[in-house]
Amino acid sequence: MALALGLLALGIAPGRGAADDQLACSADGDALIEVKVENVRSSKGLITAVLYGDNPEGFLKRGQRLDRIRVEAKEGETLLCLKAPEEGRYSVALYHDENGNKEFDRNFLGIPSEGYGFSNNPGFRFGKPEQEETLFSVNGSTTKVSISVLYL
């Protein structure tokens, strides 16, 4: 339930959309994060990815994201690019919005009915991971991160 509530924050406020240039992780002075989303089970819907700063109090909280992007899902592997405000430590949380409703769907028990993942791939658990498990460093112009989608 805590995982579902935390991930609910992923799709609420406006951000960049699927029409944005998802693969243009070219160095233009920004600290960029190239995310390779692995194990995407279908090309249906969208992959929504959210960037959080190194702040455990704001991790997965509404209004605390630094960047968000939605891109069309591609079965197997989907690539996307997030922009960090500067070098530092960050977390990425994402979900596969298979029905394209821009919400992280859950069943009547609050269990995710759509795939999700976090940077550093902390694995399945009941509840959200600790942010420390998901943090990675952004140093330089482009940092590459791989996230494997978990489907329950």
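Just so it is clear, the model here is predicted, and its values are computed rather than measured.

### Concerning the overall build of the protein
Assigned secondary structure in the protein consists of 2 helices and 8 strands. Along the chain direction, N to C, the helices and strands of the protein fall in the order α-β-β-β-β-β-β-α-β-β. Buried residues in the protein amount to 45% of all 152 residues. The long-range fraction of contacts in the protein, counting pairs at least 24 apart against all pairs at least 6 apart in sequence, stands at 75%. Here the protein displays about 7500 Å² of accessible surface, and carbon together with sulfur accounts for 49% of that area.

### Concerning the pattern of salt bridges
Within the structure shown, the criterion is met by 5 salt bridges. Shared partners join several salt bridges into a network, and the residues in it are Asp54, Arg89 and Glu132.

### A word on the packing of aromatic side chains
Each aromatic ring pair is specified by the distance between its two centres and by the angle formed by the two planes. Within the structure shown, the criterion is met by 5 aromatic pairs. Taking 6.3 Å as the distance between ring centres and 50° as the angle between the ring planes, the aromatic pair formed by Phe59 and Phe118 counts as tilted. Of the two residues, Phe59 is situated in the loop between β2 (46–53) and β3 (67–72) and Phe118 in strand β6 (residues 116–118); the sequence distance between them amounts to 59 residues. The exposure classification of Phe59 matches that of Phe118, with both residues buried. By way of ring pairs, the aromatic residues Tyr52, Phe59, Tyr95, Phe104, Tyr116 and Phe118 are connected into one cluster.

### Quick word on the confidence of the model for the protein
When pLDDT is averaged along the protein, the result is 86; 82% of the residues meet or exceed 70. Mean pLDDT in the protein bottoms out at helix α1 (residues 2–8), which sits at 48, and peaks at β2, which reaches 98. Low pLDDT (under 50) marks residues 7–22, which in the prediction has 48 contacts with non-local residues, meaning those over four places away or in another chain.

### Focus on the sheet that holds strand β1 (residues 31–40)
Sheet architecture is open: 3 strands sit in the order β4-β1-β8, paired in mixed fashion. A strand with exactly one partner marks an edge of an open sheet, and here the two such strands are β4 (76–84) and β8 (142–148). Geometrically, the sheet is characterised by an average inter-axis angle of 20° between neighbouring strands, direction not taken into account. Sheet topology note: the β1/β4 ladder contains 9 bridges and is antiparallel. The residue bridging Ala31 from the neighbouring strand is Ala84, located in β4.

### A closer look at the environment of Tyr90
Positionally, Tyr90 belongs in strand β5 (residues 88–97). Residue classification places Tyr90 among the buried residues on the basis of a relative accessible area of 4%. Along the chain, Tyr90 and Ile33 lie 57 residues apart, while their C-alpha atoms are 9.7 Å from each other. Separated by 2.6 Å, the side chain of Tyr90 and the backbone oxygen of Glu86 make a polar contact.

### Some points on the pairing of β1
With 7 bridges connecting them, β1 and β8 associate as parallel partners. Bridge pairing in β8 links Glu38 to Ser148.

### Examining unusual backbone geometry
The phi dihedral of Asn39 falls on the positive side, at around 65°, and the residue is not glycine. For Asn39, a relative accessible area of 48% translates into the label partly exposed. At Asn121, a residue that is not glycine, the phi angle is positive and equals roughly 45°. Tracing the backbone through its elements, the reader meets Asn121 in the loop between β6 and α2 (131–134). The partly exposed category is assigned to Asn121, whose relative accessible area is 35%.

Procedures and definitions
- Residues numbered from 1 in each chain as written.
- Predicted model: local features only at pLDDT ≥ 70, side-chain atom pairs only at ≥ 80, totals over all residues.
- Heavy atoms only, no water.
- Helix = DSSP H or I, 4+ residues; strand = E, 2+ residues; numbered from the N terminus.
- Buried < 20%, exposed > 50% of the residue type's maximum accessible area, 1.4 Å probe, protein only.
- Contact = heavy atoms within 4.5 Å.
- Areas by Shrake-Rupley, 256 points an atom, 1.4 Å probe, with all protein chains shown as cover.
- Salt bridge = Lys/Arg side-chain N within 4 Å of Asp/Glu carboxyl O.
- Phe/Tyr/Trp six-rings, centres within 6.5 Å; stacked < 30°, edge-to-face > 60°.
- pLDDT = per-residue confidence, 0-100.
- Pairing = 2+ DSSP bridges.
- Axes fitted to C-alpha atoms, helices over the stretch in contact; angles between N-to-C directions.
- Polar contact = N/O pair within 3.5 Å; in protein donor to acceptor, adjacent residues only side chain to side chain.

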